[in-house]
Amino acid sequence: MFPKWMLALGVPVVVAVALVPGRPAAAQGWYQKAVKGVTAKFEPAEAKPGQTVTFALTVELNDGYHTYPTVQPDKQAAAYVNTLKFPDPGAVVFVGSVEDPKPFDAKAEPEQGIRELRTIHGKVTYTRKAVVSPAATAGPAAVKLTTFKLSVCDANVCYPPKDVPVEATLKVLDGPAVAVEKAYEDEVRKALEKK
């Protein structure tokens with residue numbers, strides 16, 4: 001994945017190489033070359049207060065590029081992740097944790113002390129469950145991620161992580177709230193109490 005001399009220098013130096021003056025394609029144009037698109041949506045797109053929906057964030061990469069999950073099983077690979085931070089409760093309350101895309105590739109990077117480094121290619125989708133707030137008012141609700149920091153590499157270099165704005169719209173249906181799923185009752189109640 002990386003030339004051996006880069007591996008010997010470690011991850012921070014590999015990222016710094018992409019920032020060296022004289023490498024404008026690496027420092028500035030990598031996102032346009034690597035990423036076909038980033039989209040987000042709720043499934044279903046319309047829901048009643050109290051109903052569970054799925055937030056889906058899709059990243060489509062061009063051939064020759066790869067990205068990472070939000071969690072690596074090997075602590076030595078902790079730098080090779082994408083970061084998703086979700087907003088405080090509003091129209092929706094995010095519950096559970098992010099489900100990383102599958103399938104993924106895994107290989108060792110012995111020069112970095114990594115036994116398992118997971119990478120993902122092509123069109124990949126990260127998902128997380130959310131509950132429409134029982135107090136949500138009817139109508140469209142735009143939900144923006146607090147942070148989506150996307151890490152992308154090609155066969156030779158890892159580019160500086162990029163903050164990508166992500167927003168999805170959900171239509172809250174009119175009518176009485178439905179009961180929150182048992183699995184999420186406590187999480188939703190605690191989140192709304194903090195609000």
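Here the structure is shown first, and the text comes after it.
The following paragraphs examine the structure supplied in this document. (Residues numbered from 1 in each chain as written. Predicted model: local features only at pLDDT ≥ 70, side-chain atom pairs only at ≥ 80, totals over all residues. Heavy atoms only, no water.)

Taken together, four strands build an open sheet; the order of strands is 1-3-9-6 and the sheet is antiparallel. Unpaired on one side and paired on the other, strand 1 (35–43) and strand 6 (92–94) mark the two borders of the sheet. For this sheet, the mean inter-axis angle between neighbouring strands, taken without regard to orientation, is 30°. Two elements, strand 1 and strand 3 (residues 52–61), share eight bridges in a ladder whose sense is antiparallel. What sits directly across from Thr-39, in strand 3, is Thr-58. (Pairing = 2+ DSSP bridges. Helix = DSSP H or I, 4+ residues; strand = E, 2+ residues; numbered from the N terminus. Axes fitted to C-alpha atoms, helices over the stretch in contact; angles between N-to-C directions.)

Moving on to the pairing of strand 13 (residues 167–172). Burial along strand 13 is one-sided: the face carrying Ala-168, Leu-170 and Val-172 is buried and the face carrying Glu-167, Thr-169 and Lys-171 is not. When strand 2 (residues 46–47) meets strand 13, the two strands line up parallel, connected through two bridges. By the bridge assignment for strand 13, Ala-47 is matched with Val-172. As paired strands, strand 10 (residues 139–144) and strand 13 are joined by six bridges and run antiparallel to one another. Bridging from a neighbouring strand, Ala-141 pairs with Leu-170 of strand 13. (Buried < 20%, exposed > 50% of the residue type's maximum accessible area, 1.4 Å probe, protein only.)

This part covers unusual backbone geometry. Cis geometry is found at the peptide bond from Glu-43 to Pro-44, where omega equals -5°. With respect to the helices and strands, Pro-44 occurs in the loop between strand 1 and strand 2. The step from Lys-102 to Pro-103 runs through a cis peptide bond, and the omega angle for that step is 0°. Relative to the elements of secondary structure, Pro-103 occurs in the loop between strand 6 and strand 7 (105–109).

With that settled, consider the sheet that holds strand 11 (residues 147–150). Sheets are built from strands that pair by backbone hydrogen bonding, the pairs being arranged parallel or antiparallel. Here we have three strands laid out as an open sheet, ordered 5-11-12, and antiparallel in their pairing. Two strands in the sheet have a free side with no partner beyond their single neighbour: strand 5 (83–85) and strand 12 (162–163). For strand 5 and strand 11, the ladder comprises three bridges, and the chain directions are antiparallel. Across the sheet, residue Lys-85 finds its bridge partner in strand 11, namely Thr-147.

Further remarks concern the pattern of salt bridges. Applying the stated rule across the entire model yields eight salt bridges. Lys-36 is paired through a salt bridge with Glu-60; the nearest N and O atoms lie 4.0 Å apart. Here Lys-36, found in strand 1, pairs with Glu-60, found in strand 3; they are 24 residues apart in sequence, far enough to count as distant. Judged by its relative accessible area of 56%, Lys-36 is exposed. Lys-41 serves as the salt-bridge partner of Glu-43, at 3.2 Å between the closest nitrogen and oxygen. On the basis of relative accessibility, which here comes to 38%, the residue Glu-43 falls in the partly exposed class. What you see here is one network of salt bridges that share partners, running through Asp-186, Arg-189 and Glu-193. (Salt bridge = Lys/Arg side-chain N within 4 Å of Asp/Glu carboxyl O.)

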